[in-house]
Amino acid sequence: MKYAFLFVFLIVLTPNLMAQETNLINDKAVDSLYKEDQFYIGVTYNLLGKKPSGLSQNGFSSGFHFGFIKDMPFNERRNNAIGVGLGLSFNSFNQNLLISESEDKIEDFQMIDDGDIKFSKNKFSMYMLELPIEYRWRTSTPSEYKFWRIYTGLRIGYVFASSSKFEGTPENVKLSNINALNSLQYGASISAGYNTWNFYVYYGLNAIFKSQAKVNTETIEVNAIKVGLMFYIL
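On a predicted model such as this, the values are computed, not experimentally measured, just so you know. (Residues numbered from 1 in each chain as written. Predicted model: local features only at pLDDT ≥ 70, side-chain atom pairs only at ≥ 80, totals over all residues. Heavy atoms only, no water.)

Details of the overall build of the protein
For clarity, the cut-off: The secondary structure listing takes helices from DSSP runs of H or I that are at least 4 residues long and strands from runs of E that are at least 2 residues long, numbered from the N terminus. Whether a residue is buried, partly exposed or exposed follows from its accessible area with a 1.4 Å probe, protein chains only, as a fraction of its type maximum: under 20%, in between, or over 50%, in that order. Residues count as neighbours in contact if any of their non-hydrogen atoms are within 4.5 Å of one another. Throughout, the Shrake-Rupley method with a 1.4 Å probe supplies accessible areas, and for residues the shown protein chains are the sole cover considered.
Assigned secondary structure in the protein consists of one helix and 15 strands. Taken across its 234 residues, the protein has 44% of its residues classed as buried. Within the protein, residue pairs in contact and separated by at least 24 positions form 70% of the contacts whose partners lie at least 6 positions apart. Element-wise, carbon and sulfur atoms account for 59% of the exposed surface of the protein, whose accessible area totals about 12600 Å².

Examining the packing of aromatic side chains
Rules: Aromatic rings from Phe, Tyr and Trp, with only the six-membered ring used for Trp, were paired whenever their centres fell within 6.5 Å, and each pair was classed as stacked if the ring planes differed by under 30 degrees, edge-to-face if by over 60, and tilted otherwise. Any Lys NZ or Arg CZ that is within 6 Å of a ring centre and within 35 degrees of that ring's normal is treated as a charge sitting over the ring.
If you walk through the whole model with that rule in mind, you get 12 aromatic pairs. For the pair Tyr 45 and Phe 60, a centre-to-centre distance of 5.1 Å together with 35° between the ring planes defines the contact as tilted. Separated by 15 residues along the polypeptide, Tyr 45 in strand β3 (residues 39–49) and Phe 60 in the loop between β3 and β4 (62–73) bring together distant segments of the chain. By relative accessible area, which is 31% here, Tyr 45 ends up partly exposed. Ring geometry for Phe 74 against Tyr 135: centres 6.4 Å apart, planes inclined by 35°, an arrangement best described as tilted. Taken as a pair, Phe 74 in the loop between β4 and β5 (80–94) and Tyr 135 in strand β8 (residues 119–138) lie far apart in primary sequence, 61 residues in all. Under the relative-accessibility criterion, Tyr 135 is labelled partly exposed at 34%. By way of ring pairs, the aromatic residues Phe 93, Phe 109, Phe 124 and Phe 209 are connected into one cluster. The positively charged end of Arg 136 is found above the aromatic ring belonging to Tyr 151, 4.3 Å away from the centroid.

Overview of unusual backbone geometry
Cis geometry marks the peptide bond from Thr 169 to Pro 170; its omega dihedral reads 5°. If you check the backbone angles, Arg 78 has positive phi at about 70° while not being a glycine. Mapping Arg 78 onto the fold places it in the loop between β4 and β5. For Asn 216, which is not a glycine, the phi torsion comes out positive at approximately 60°. Tracing the sequence through the fold places Asn 216 in the loop between β13 (214–215) and β14 (218–219). For Asn 216, a relative accessible area of 73% puts it in the exposed group.

Description of the confidence of the model for the protein
To be explicit about the condition: Looking at any residue, its pLDDT shows the predictor's confidence there, from 0 to 100.
With 85% of its residues at a pLDDT of 70 or more, the protein has an overall mean of 86. Highest mean pLDDT in the protein belongs to strand β11 (residues 184–194) (97); lowest belongs to strand β1 (residues 22–25) (46). Contacts from residues 9–29, a stretch scored under 50 in pLDDT, to residues over four places away or in other chains number 25 contacts.

So, the nonpolar core
Our working definition: Side-chain atoms within 4.5 Å are what join buried Ala, Val, Leu, Ile, Met, Phe, Trp, Tyr and Cys residues into a set we call a nonpolar core.
Leu 97, Phe 109, Phe 124, Ile 208, Phe 209 and Ile 220 are the most contacted members of the largest nonpolar core, which has 35 residues in total. Mapped onto this core, the elements with two or more residues apiece are β3, β6 (97–101), β7 (107–111), β8, β9 (148–168), β10 (173–176), β12 (197–204) and β15 (223–233).

What to know about the environment of Arg 155
Quick reminder of the rule: We call two N or O atoms a polar contact when they sit within 3.5 Å, provided that within protein one can donate a hydrogen and the other can accept it, with sequence-adjacent residues counted only if both atoms are side-chain atoms.
In this fold, Arg 155 is placed in strand β9. With 21 residues separating them along the chain, Arg 155 and Glu 134 place their C-alpha atoms 8.4 Å apart. Contacts of Arg 155, omitting those with residues within four sequence positions, involve Tyr 40, Glu 130, Leu 131, Pro 132, Glu 134, Gln 185, Tyr 186, Gly 187, Ser 189, Tyr 200, Tyr 202 and Met 230. For Arg 155, the side chain forms a polar contact with the side chain of Glu 130, separated by 3.2 Å.

Remarks on the environment of Gly 204
Residue position: Gly 204 is located in strand β12. Overall, the relative accessible area of 4% leaves Gly 204 in the buried class. For the pair Gly 204 and Gly 49, spaced 155 residues apart in sequence, the C-alpha to C-alpha distance is 8.6 Å. Residues in contact with Gly 204, not counting those within four places in the same chain, are Tyr 186, Gly 187, Asn 223 and Ala 224.

This is the structure we're talking about:
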């Protein structure tokens, strides 16, 4: 998986060696082989789907995403394209699932209820190298920089670091590199909007945790849902 991300990284950053053609529109030189939206920056509110009984979210769970996408138009008008890129994604989830570790380094999962455990903060975080693959439709032209767009596709993420943090009683708990997290995270995404403002939704197609993560005997099959805004930069 690491080598696959490296291969894509080399592809998207390889300079375009094709000669650029220019035409005159309204006495201005324009690039007839133009491309769009090479860089992206996004902010999301993160939700947990497929929650087991007793699991709830609290506080604000945030996500930050940025990267580069190689835009590859495939029709003469150049308003249809395939985008392949590479980026970073940072995500946190505030909820009431306590992740702890026994003396023999076995991870344990416990639902925090209204009993003896009191807490002010409880969250887990994932830091991912992300590979977006998109079909891109827009109303752009060589001279029009404000246009409608709909980009949809898949995002494949490799979790290179993770952590959990609990602040409460009877003691604070901090863990790093959670073994029960799936290192491969993937899901469907869509962003749509006009000009700068674009609504963004991601729906995880696989579980955040491995099948070994259980509360009592119930497998924790939660998936990630991200809703927010995506900004594109040429």
